[in-house]
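Here is what each chain is made of, one letter per residue.
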Amino acid sequence: MRKLSELLNRFHAGTDLTFEDYYSALLARTGSGAPSAEEARRDFESIRRIVSRAMVYRIG
């Protein structure tokens, strides 16, 4: 839950979290066991949709 709140705070602060930022951080943390860029992009898009919906509820 902490990571979701961090994402919400970044989006709320107007910081644009790009896929490149996400994937770079993922590679730095996982090293050789990291998912492919295609898998990571799918995950990122899912997370971005969830965060976008959460922001609507948080702001509204």
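This text goes with the structure placed above it.
First, a word on scope: everything that follows refers to the structure included in this document. (Residues numbered from 1 in each chain as written. Predicted model: local features only at pLDDT ≥ 70, side-chain atom pairs only at ≥ 80, totals over all residues. Heavy atoms only, no water.)

Turning our eyes to something else, we now look at the pattern of salt bridges. Scanning all chains against the criterion turns up 2 salt bridges. Note that glutamate 38 and arginine 42 form a salt bridge whose closest N and O atoms lie 3.7 Å from each other. A residue pair is termed a helical-turn pair when its members lie 3 or 4 positions apart in one helix, as glutamate 38 and arginine 42 do in helix 3 (residues 37–59) at 4 residues. In this structure glutamate 38 comes out as exposed when scored by relative accessible area, which is 62%. Here glutamate 45 ties to arginine 48 by a salt bridge, and the two come within 2.8 Å at their closest N and O atoms. One end of the pair, glutamate 45, and the other, arginine 48, are both in helix 3, 3 residues apart, so they sit about a helical turn from each other. Take glutamate 45: its relative accessible area is 22%, and that puts it in the partly exposed class. (Salt bridge = Lys/Arg side-chain N within 4 Å of Asp/Glu carboxyl O. Helix = DSSP H or I, 4+ residues; strand = E, 2+ residues; numbered from the N terminus. Buried < 20%, exposed > 50% of the residue type's maximum accessible area, 1.4 Å probe, protein only.)

Right, let's talk about the packing of aromatic side chains for a bit. Aromatic rings in a pair are described by how distant their centres are and how their planes are angled relative to each other. Evaluated as defined, the whole model comprises 4 aromatic pairs. Aromatic side chains tyrosine 22 and phenylalanine 44 sit 5.3 Å apart centroid to centroid with 40° between the ring planes, which places their arrangement in the tilted category. Residue tyrosine 22 is located in helix 2 (residues 19–30), and its partner phenylalanine 44 is located in helix 3; the two are separated by 22 residues in the primary sequence. A single burial state applies to tyrosine 22 and to phenylalanine 44, both of which are buried. Note that arginine 41 overlies the ring of phenylalanine 19, its terminal NZ or CZ placed 3.9 Å from the centroid. (Phe/Tyr/Trp six-rings, centres within 6.5 Å; stacked < 30°, edge-to-face > 60°. Lys NZ or Arg CZ within 6 Å of the ring centre and 35° of its normal.)

By themselves these figures say nothing about function.
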